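A closer look at the structure
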Amino acid sequence: MTDVTNGVLHTLFHSDQGGHEQVVLCQDRATGLKAVIAIHSTALGPALGGTRFYPYATEEEAVADALNLARGMSYKNAMAGLDHGGGKAVIIGDPERIKTEELLLAYGRFVASLGGRYVTACDVGTYVADMDVIARECRWTTGRSPENGGAGDSSVLTAFGVYQGMRASAQHVWGDPTLRGRKVGVAGVGKVGHHLVRHLRDEGAEVVITDVRADSVRRVLDQYAEGVTAVADTDALIRVEGLDIYAPCALGGALSDDSVPVLTAKVVCGAANNQLAHPGVEKDLADRGILYAPDYVVNAGGVIQVADELHGFDFDRCKAKASKIFDTTLAIFARAKEDGIPPAAAADRIAEQRMAEARPPRAAH
């Protein structure tokens, strides 16, 4: 018998990172689609989370990512006060090479086969135009274009929410929520990061950026005549002298055994999901006196927007909800201090309490 003790099945059924209700493996040979849909919880309502399109090295890595991301969505939706559980999907492959209309339609049929237990949206590698295609086969699709009844690009409110989290972090650390004169490092200036830079510059912060895509860096530098500089890579960014806030806005795992010891910032607050490379990193941050604003709390602006789309999108209503990320973040810091635990653990406790107190899982409508 194959030993799967350390594999994804062990993660699913036995580890603290598991507890998922359902995992679906999807394949459509005609289009080349290989996908994983993970539903962590429907305690608060139908699972909601984006679709990541990424060239994973192995299928096992793809499943593990889907499991981690889905679990994170349960906590994010709970902390955002949404009536949704957590789910996530990944499509395996390079979107620039294999993404086609036919593949997206096939994926939409798989999501639809779940009967509304999972509602999909955009994530890394998928865009509003992709959701419009998927929606042709699946009514449980959000993050669509305004022309197709949707709310459009959710990265606008994602960045706004991270900005609110930064303001709350500044209030907690320096006693003042203003970011004027603060030096903020933004790693990743793509869909969310470039909006975040705008908020920071509007308030008078000094911004240092980096991105693996040179064109993304150039776009931001061309937009601002002053107040924004670039460094070669993330490794250089986390070592920038005088950095006040570090904002990871690319892929996960930014806070690791290698990065935390050399991080110069006093605060970490960014848009990336799953920033902690492994359990225990949050304690390493706390031991160094670095305040960590839990990623799934501060980056919830996007999911607030796509959830609202299901009920008839209103931008002002969504922005008002995303503004509350400031208060939620402060409440987490207060709970962490009261319980003598890192903020990430405090956020988990609050989210778990809401899920535990929820009524039994409901069927989707």
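For the structure given in this document, a descriptive report is provided here. (Residues numbered from 1 in each chain as written. Predicted model: local features only at pLDDT ≥ 70, side-chain atom pairs only at ≥ 80, totals over all residues. Heavy atoms only, no water.)

1. With respect to the overall build of the protein chain
- Of regular secondary structure, the protein chain possesses 15 helices and 11 strands.
- For the protein chain, whose C-alpha radius of gyration is 20 Å, the value lies close to the compact-globule estimate of 21 Å for 365 residues.
- Overall, the protein chain is about 55 × 45 × 45 Å in size when its C-alpha atoms are taken along their principal axes.
- Here the protein chain holds 365 residues, and 53% of them are scored as buried. (Helix = DSSP H or I, 4+ residues; strand = E, 2+ residues; numbered from the N terminus. Rg over C-alpha atoms; globule rule 2.2 N^0.38 Å. Buried < 20%, exposed > 50% of the residue type's maximum accessible area, 1.4 Å probe, protein only.)

2. Here's the deal with the sheet that holds strand β11 (residues 291-292)
- Taken together, the 6 strands give an open sheet; going across it, the order is β8-β7-β6-β9-β10-β11, and neighbouring strands pair in parallel fashion. In the strand order of this sheet, the two ends are held by β8 (228-230) and β11, each with one partner.
- Alignment of strand β6 (residues 183-187) against strand β9 (residues 245-248), held across 4 bridges, turns out to be parallel. Bridge assignment links V184 to a residue of β9, and that residue is I245.
- With respect to the sheet, helix α8 (residues 214-223) is in contact with β7 (206-210) and β8, its orientation differing from that of β8 by roughly 155 degrees. (Pairing = 2+ DSSP bridges. Contact = heavy atoms within 4.5 Å. Axes fitted to C-alpha atoms, helices over the stretch in contact; angles between N-to-C directions.)

3. Here we look at the nonpolar core
- Counting 67 residues, the largest nonpolar core has Y107, M166, V186 and L196 as the members making the most contacts within it.
- Here this core takes 7 residues from helix α6 (residues 155-174), the largest share from any one element.
- In this view, M166 contacts L179, V184, L196, L200, I245, A247 and C269; residues no more than four positions away in its chain are not counted.
- In terms of nonpolar packing, the next biggest core, distinct from the first, is built from 18 residues, L237, Y246, A254 and V260 among them. (Core = buried A, V, L, I, M, F, W, Y, C linked by side-chain atoms within 4.5 Å.)

4. So, the packing of aromatic side chains
- Per the counting criterion, the structure on display carries 4 aromatic pairs.
- Judged by centre distance (5.8 Å) and plane angle (65 degrees), the rings of Y75 and Y296 are edge-to-face. Here Y296 lies in helix α11 (residues 295-298) and Y75 lies in helix α2 (residues 59-79), a separation of 221 residues in the sequence. Side by side, Y75 and Y296 carry an identical accessibility label, which is buried.
- Centroid distance F313 to F315: 6.4 Å. Interplanar angle 75 degrees. Geometry classified as edge-to-face.
- Judged by relative accessible area, F313 falls into the partly exposed class, the value being 27%. (Phe/Tyr/Trp six-rings, centres within 6.5 Å; stacked < 30°, edge-to-face > 60°.)

5. Overview of the side chain of K183
- Residue position: K183 is located in strand β6.
- Buried charge without a salt bridge: K183, with E206 as the nearest opposite-charge side chain at an N-O distance of 4.0 Å.
- A distance of 3.1 Å separates a polar side-chain atom of K183 from the backbone oxygen of E241. (Lys, Arg positive; Asp, Glu negative; His and termini not counted. Salt bridge = Lys/Arg side-chain N within 4 Å of Asp/Glu carboxyl O. Polar contact = N/O pair within 3.5 Å; in protein donor to acceptor, adjacent residues only side chain to side chain.)

6. Points about helix α14 (residues 325-339)
- The end-to-end C-alpha distance of α14 is 21 Å, a good match for the 21 Å that 15 residues give at a rise of 1.5 Å each.
- By the burial criterion, the buried members of α14 are I325, F326, T329, I332, F333 and A336. The buried residues of α14 all sit within an arc of 130 degrees when viewed along its axis, so they share a single face.
- Of the residues flanking the end of α14, it is G340, one or two places downstream, whose phi is positive at about 70 degrees. (Expected span 1.5 Å × (residues − 1). Arc of directions from axis to C-beta.)

7. Side note on the pattern of salt bridges
- A full pass over the atoms with the stated rule returns 20 salt bridges.
- Of the charged contacts, one joins R182 and D244 as a salt bridge, the two residues approaching to 3.9 Å between their closest N and O atoms. Of the two residues, R182 is situated in the loop between α6 and β6 and D244 in the loop between α9 (234-237) and β9; the sequence distance between them amounts to 62 residues.
- According to the relative accessible area criterion, R182 is partly exposed, its value standing at 23%.
- You can call D244 buried: its relative accessible area is 14%.
- Salt bridges here are not isolated pairs; linked through shared partners, they connect R52, D65, K88 and D123.

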